[in-house]
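Observations on the three-dimensional arrangement
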Amino acid sequence: MSSRTLPLLFINLGGEMLYILDQRLRAQNIPTDKAKKVMNDIITTMFNKKFLEELFKPQELYSKKALRTVFDRLAHASIMRLNQASMDKLYDLMTMAFKYQVLLCPRPKDILLVSFNHMDAIKDFVRDAPSILNQVDETYRQLIEIYTPLSGGEFQLIRQTLLIFFQDMHIRVSIFLKDKVQNSNGRFVLPTSGPVPYGTQVPGLIRIFSCNGEEVKRLQFHSGGSYSSALREGSFELFGERVIKLGTNMYSVSRPVETHMSGTAKNSAQHTKVNTAPNPLAKEELNLLARLMGGLEVQKPANADTGFRVNLFATDEEEEEALISRPAELSYEVINIQATKDQQASAELARIMGEFKEEGAPSESPSSKGEDLLAMMDGL
Amino acid sequence: MYHKEKSIQIKSSASALYNNLSVLRIAPRSLTYFTVVHANVVNMVSASWDGLNFSHRQLQSKEGNIAASSSLIMQASWCVLPARELLVLTSQKGIQMYESDGSIMVYWHALDIPETPTAQAVFARGIAAVRENYICVGVSSGSVLVFDVPSKGSNIMLSEVLEEHRDSITDMASECSGSLECIADLVTADDSGVLCVWKSGEDFQLLNKIPGFDVCCSSVKLWKGTVAAGYGTGQIRLYEAVTGIVHAEVNAHARWIYSLDIAPFSGLLLSGAEDSLVRVWHMTLTPETNSVEIEHLYSECVTDTQICGAKFCDGDGYAFAVTGYDLSEIIRYTQA
């Protein structure tokens, strides 16, 4: 559907990831300088010029699995390490938060304001680092240039594309359950009260006109909700009041992150079915992914002194338990790009492979060039 | 006025797409067919009127010879012509026409897809059967494709391309009253809210172009010469098709409207929106004064569901069916 969706998906998921990591770094009392380094490194990687060039090219969305691979890599762009269970949880929280924002944003165009809320917060994270701030501002200007001219209908197509991406995901998130914006079945609560979207009139009025355009009758009807008139429109400029709160940071040390991984039995069956369907375009997608990831520059693995691990759970035991008890249908089965002995692989791919080497054993040499990329995929 | 019936389960949940429910009543066999789009799959259910038998079928978006693909489907709709009924699917790659039971694909029309993806998405959306032998389908470029469909066989021909819209087609509808006195046969709508009113024939004739106001018209219907249009602002407007005169303006929903339907025998209008509400309205035509009035009859809140499809199940509006994003069921309501 919309070929303009990927940048918004990436920036908003990235923004949510940064909120969560920021909260965990503080909750685990990681020294300020190390925490700052992690945030700065990840933001630098996220807004890498070459990477964003690829990202902003019109293209279809990746599969959930492929995008998860991108975020795995991004989360490990610094000296911080996350194990599988924490990474799963991080990705669950990011995706459910953005699904909520996409579903609830009053008008499709407000997805841009949600993105701007994330961008504003990211700028605040790097306010002391002018060169990173410049990088972020560059992307900000690009977002404004590309997206502000789009019509409501085009934004609706972007929104529909995102909703297909998030379809059938019903992971329960404690912060949403506590705030009563998510039901115990994982569905989000849709309000039938409050301000209507900008440009919409409060429902309840029928106006009848004569042939020459005069209003001849007014009828009221009971709307079944208690709506109020629209708030003013948020600013679509580089600076300004966004008005809507979706996309702002909802975490704090006193409001820790938590998920309930049970899923809903009814929907999880479908979830599995969708994800396991063989995709004949897998190779094409992997090519795109490789190109995109080529721009993701990652720091050399940290040495033992400076590196540290962050846990998305309260204790290490809980984290272990989560890994074991996670339902199979919720497994992302991250694309594991393995090292290959093929000398002809491009330098770019070789670099990507090199950085993933630790995750899998070297594979057999691929039999033909055409299979190179597929050969690098593990467990697909 | 309406009460909820037992829901029909579908194999996979509905995607958030305009007019994402199509209903076909097959009276001789006491069956009703339903289709709901889920990403790259169409869920088809045939339900017997006694509510005892359901049979399911899933159609993939096939592109010509490619057996499977990830191409997303935008809409599925049954087209009823006097001689035959076809199920039409529109996707990112093209247009497929099936026999009404989904068993055989009789026609495939590929869209022009650029080598590298462009900023402007490519897809087909908006489906209508017009008069004796035409099926019209909208395209993201704004073109409306007119297909000439023989009474049987697969010799379907692209007979005309109508180039009046400048934005992506969202929906289209043919005159649903069956009255031959109506001049206008077809109304087409686009992303900017422009409506084009057409007379069908060997060459389709543009009767009127009703300007939009830069608000997307997501669903449109045509009944006894009156256009009912639903917009992204939650408003419904009734226009006289051939003149463009506005008869009524209704602040109907708090969010984007996804679907409108008309029960032609009773003049009932059904609207469904992202605000989780479905509403039933009654339209009255007074030919002597050339006026159309509309009143609100009934509202139902489908809790926590952004509605993407709402259709009457019969010509009187005795029953209607609703689907919503992420919902794996078709909810039915029947008059008490």
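Residues numbered from 1 in each chain as written. Chains lettered and ligands numbered in written order. Predicted model: local features only at pLDDT ≥ 70, side-chain atom pairs only at ≥ 80, totals over all residues. Heavy atoms only, no water.

Side note on the overall build of chain A
Helices and strands together make up the secondary structure of chain A, namely 14 helices and eight strands. Contacts spanning at least 24 positions in sequence make up 79% of the contacts within chain A whose residues lie at least 6 apart. Summed over its atoms, the accessible surface of chain A is roughly 16300 Å², and 53% of this surface lies on carbon and sulfur atoms. (Helix = DSSP H or I, 4+ residues; strand = E, 2+ residues; numbered from the N terminus. Contact = heavy atoms within 4.5 Å. Areas by Shrake-Rupley, 256 points an atom, 1.4 Å probe, with all protein chains shown as cover.)

Some words on the packing of helix α2 (residues 32-46) of chain A against helix α7 (residues 130-147) of chain A
Residues and elements named next belong to chain A. Here α2 crosses α7 at 35°, and the two axes come no closer than 10 Å. Of the two possible hands of crossing, α2 and α7 adopt the one that is left-handed. Counting all contacts with α2, which are made through Asn40, Ile43 and Thr44, the residues of α7 involved are Ile132, Gln135 and Val136. Split into classes, the residues belonging to the contact of α2 with α7 amount to three nonpolar, three polar and no charged. (Axes fitted to C-alpha atoms, helices over the stretch in contact; angles between N-to-C directions. Left-handed = near helix turned anticlockwise from the far one by under 90°. Nonpolar A, V, L, I, M, F, W, Y, C, P; charged D, E, K, R; others polar.)

Focus on empty space enclosed by the protein
Counted under the stated rule, the structure contains five cavities of 30 Å³ or more. Along the lines of polarity and charge, the residues of the lining of the largest cavity split into five nonpolar, three polar and four charged. (1 Å grid on protein atoms, 1.4 Å probe; cavity = no way out; pocket = protein on both sides within 12 Å on 5 of 7 lines; lining within 4 Å. Points joined across faces, edges and corners; volume = space filled by probe spheres on them.)

Here we look at unusual backbone geometry
Residues and elements named next belong to chain B. Phi angles above zero are rare outside glycine, and serine 30 is one such case at about 50°. Locating serine 30 in the fold gives a position in the loop between β3 (22-26) and β4 (31-38). Taking relative accessible area as the criterion, serine 30 reaches 33% and is therefore assigned partly exposed. (Buried < 20%, exposed > 50% of the residue type's maximum accessible area, 1.4 Å probe, protein only.)

Overview of the confidence of the model for chain A
All names here are of chain A. Chain-level statistics for chain A give a pLDDT mean of 80 and a share of 73% at 70 or above. Averaged pLDDT values for the elements of chain A fall to 31 in helix α14 (residues 372-375) and rise to 98 in helix α6 (residues 110-125). Between residues 336-380, whose pLDDT stays under 50, and residues either more than four places distant or in other chains, the model counts 61 contacts. (pLDDT = per-residue confidence, 0-100.)

Quick word on the pattern of salt bridges
All names here are of chain A. On inspection of all chains with the given rule, the structure shows 31 salt bridges over all chains. Residue lysine 49 is joined to glutamate 53 by a salt bridge in which the shortest nitrogen-to-oxygen separation is 3.6 Å. Placement of both lysine 49 and glutamate 53 in helix α3 (residues 49-56) is noted, with a separation of four residues, approximately one turn of the helix. Look at lysine 49 and you get exposed, because its relative accessible area is 64%. Classification of glutamate 53 by relative accessible area gives partly exposed; the value is 46%. Close ionic contact of arginine 107 with glutamate 233 constitutes a salt bridge, the shortest N to O distance being 3.1 Å. Of this pair, arginine 107 sits in the loop between α5 (84-104) and α6 while glutamate 233 is found in the loop between β6 (226-228) and β7 (259-260), placing the two residues 126 residues apart along the sequence. Given the relative accessible area of 15%, arginine 107 is considered buried. With a relative accessible area of 31%, glutamate 233 lands in the partly exposed category. Bridged by salt links that share partners, the residues Arg68, Asp72, Asp88, Asp92 and Arg326 form one connected network. (Salt bridge = Lys/Arg side-chain N within 4 Å of Asp/Glu carboxyl O.)

Comments concerning the sheet that holds strand β17 (residues 195-199) of chain B
Residue and element names in this part refer to chain B. What the four strands build is an open sheet, ordered β15-β16-β17-β18; its pairing is antiparallel. Two strands close off the open sheet at either side, each with one partner strand: β15 (169-174) and β18 (205-210). Between one strand and the next, the sheet's axes are offset by a mean angle of 20°, whatever the strand orientation. As defined by bridge partners, strand β16 (residues 186-190) adjoins β17 across four bridges and the pair is classed as antiparallel. Looking across to β17, one finds that leucine 186 is bridged to tryptophan 198. (Pairing = 2+ DSSP bridges.)

Quick look at the interface of chain B and chain A
Across the contact, 59 residues belong to chain B and 60 residues belong to chain A. Summing both sides of the interface, chain B and chain A together bury roughly 4700 Å²; the carbon and sulfur share of this comes to 51%. In this structure, the connection of chain B to chain A is made through four salt bridges. Measuring nitrogen to oxygen at the nearest pair gives 2.6 Å for the salt bridge that ties Lys99(A) to Asp326(B). Linking chain B with chain A are 33 residue pairs in polar contact (both at pLDDT 80 or more), by the criterion used here. For the side of chain B that touches chain A, the secondary-structure elements that each account for two or more residues are β22 (246-251), β25 (277-286) and β26 (291-301) of chain B. (Buried area = accessible area lost by both parts, 1.4 Å probe. Polar contact = N/O pair within 3.5 Å; in protein donor to acceptor, adjacent residues only side chain to side chain.)

Structural notes on the packing of aromatic side chains
The description of an aromatic ring pair rests on the distance of the ring centres and on the angle between the ring planes. Residue and element names in this part refer to chain B. The tally for this structure, following the rule as stated, stands at 22 aromatic pairs over all chains. Taken together, a centroid distance of 5.1 Å and an interplanar angle of 75° make the contact between tyrosine 18 and tyrosine 258 edge-to-face. In this pair, tyrosine 18 is assigned in the loop between β2 (8-9) and β3 and tyrosine 258 in strand β23 (residues 257-263), connecting sequence segments 240 residues apart. Assessed through its relative accessible area of 1%, tyrosine 258 is described here as buried. Summarising the aromatic geometry, the rings of tyrosine 134 and phenylalanine 204 are spaced 5.2 Å apart at their centres and angled 80° between planes, so their arrangement reads as edge-to-face. (Phe/Tyr/Trp six-rings, centres within 6.5 Å; stacked < 30°, edge-to-face > 60°.)

Quick word on the environment of Ala110(B)
Residue and element names in this part refer to chain B. Turning to its location among the elements, alanine 110 is positioned in strand β10 (residues 105-110). C-alpha separation for the pair alanine 110 and glycine 94, spaced 16 residues apart in sequence, amounts to 4.4 Å. Those residues in contact with alanine 110 that lie beyond four places of it in its chain are Lys93 and Gly94.

Some remarks on the sheet that holds strand β7 (residues 73-80) of chain B
Residues and elements named next belong to chain B. With antiparallel pairing, the four strands of this open sheet are ordered in space as β7-β8-β9-β10. A single partner strand is all that each edge strand has here, and the edge strands are β7 and β10. The average undirected angle you get between the axes of adjacent strands in this sheet is 15°. The pairing of β7 with strand β8 (residues 85-91) spans seven bridges and is classified as antiparallel.

Describing the nonpolar core
Judged by nonpolar contacts, the single largest core of 113 residues is most densely connected at Phe71(A), Leu90(A) and Tyr147(A). Of all the elements, α5(A) adds the most residues to this core, at 13 residues. Every residue in contact with Tyr147(A), bar those within four places of it in the chain, is listed here: Arg4(A), Pro7(A), Leu8(A), Phe56(A), Leu112(A), Phe155(A) and Ile158(A). Leu17(B), Leu24(B), Ile26(B) and Val37(B) belong to the second-largest nonpolar core, a separate cluster that totals 23 residues. (Core = buried A, V, L, I, M, F, W, Y, C linked by side-chain atoms within 4.5 Å.)

Overview of the layout of surface pockets
Residue and element names in this part refer to chain B. Of the voids in this model, the second largest pocket is the one considered here, and its volume is about 1200 Å³. Surrounding the second largest pocket, 39 residues form its lining, Val80, Ser174, Glu175, Cys176 and Pro264 being those nearest its centre. Listed by contribution, the elements that provide at least two residues to the lining of the second largest pocket are β3, β7, β11 (124-130), β15, β23 and β27 (307-312). Counting residues per element, the lining of the second largest pocket draws most heavily on β7, which supplies six residues. Grouping the amino acids of the lining of the second largest pocket by side-chain chemistry returns 20 nonpolar, nine polar and ten charged.

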